Amino acid sequence: MTEVFPPRRAGPGDVPGIAAVLNGWIDETDWMPRLYSPDELEGLIAAALPDRIIWVVGEPIEGYLSLDPETAKIGALYCSRTGEGCGKALIGAAKEGRDFLWLHTHVTNTRAQAFYRREGFVAAGGEIAPEPPETVPELRMEWRR
């Protein structure tokens, strides 16, 4: 296992690294259609930064988690290397000081669902139809302390 840097809060200078992780995942995931160009995704991340708590790991950035502090929804968790503790470290940061978190994960992404179950999340309801422009059905999962 490679060393995982502790999560740290992201700032504006981290946006390109965050976008690179997400763009890499989209490019490597055959069932995930590209809905936005790399530049558009970077713009969306930059626009979300003031309203979200975003943690990153790695130098350069190898993973990130975006949390809406108002709703306790994890809006994104992506890592460029899996199975090495990046996601676990990011989820740990999100859980700190909280009793409840929730997220949507793609129905097709069974590896992510298995990871979330290992982290104590459970399915909460059935399949959720995608809201355009999204096209991949999702599943709600929740965690409670």
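Computed from a predicted model, the values in this text were never measured in an experiment.

## Quick look at the nonpolar core
Item 1. One finds Leu65, Ile74, Tyr116 and Phe121 to be the most contacted residues of the largest nonpolar core, which totals 23 residues.
Item 2. Core analysis: the next-biggest nonpolar cluster, separate from the first, contains 19 residues, Val15, Trp25, Ile45 and Tyr64 among them.

## Comments concerning the sheet that holds strand 5 (residues 100-106)
Item 1. An order of 1-2-3-4-5-7-6 is seen for the seven strands of this open sheet, with the pairing classed as mixed. Edge positions in the sheet fall to strand 1 (8-9) and strand 6 (122-128), since each of these pairs with one other strand and no more.
Item 2. With two bridges connecting them, strand 1 and strand 2 (residues 53-57) associate as antiparallel partners. Bridged to Arg9 within strand 2 is Trp55.
Item 3. Each of strand 2, strand 3 (63-68), strand 4 (73-79), strand 5 and strand 7 (138-144) is contacted by helix 3 (residues 86-95), which is oriented at about 160 degrees to strand 4, the strand it contacts most.

What counts, and at which threshold
- Residues numbered from 1 in each chain as written.
- Predicted model: local features only at pLDDT ≥ 70, side-chain atom pairs only at ≥ 80, totals over all residues.
- Heavy atoms only, no water.
- Core = buried A, V, L, I, M, F, W, Y, C linked by side-chain atoms within 4.5 Å.
- Buried < 20%, exposed > 50% of the residue type's maximum accessible area, 1.4 Å probe, protein only.
- Pairing = 2+ DSSP bridges.
- Helix = DSSP H or I, 4+ residues; strand = E, 2+ residues; numbered from the N terminus.
- Contact = heavy atoms within 4.5 Å.
- Axes fitted to C-alpha atoms, helices over the stretch in contact; angles between N-to-C directions.

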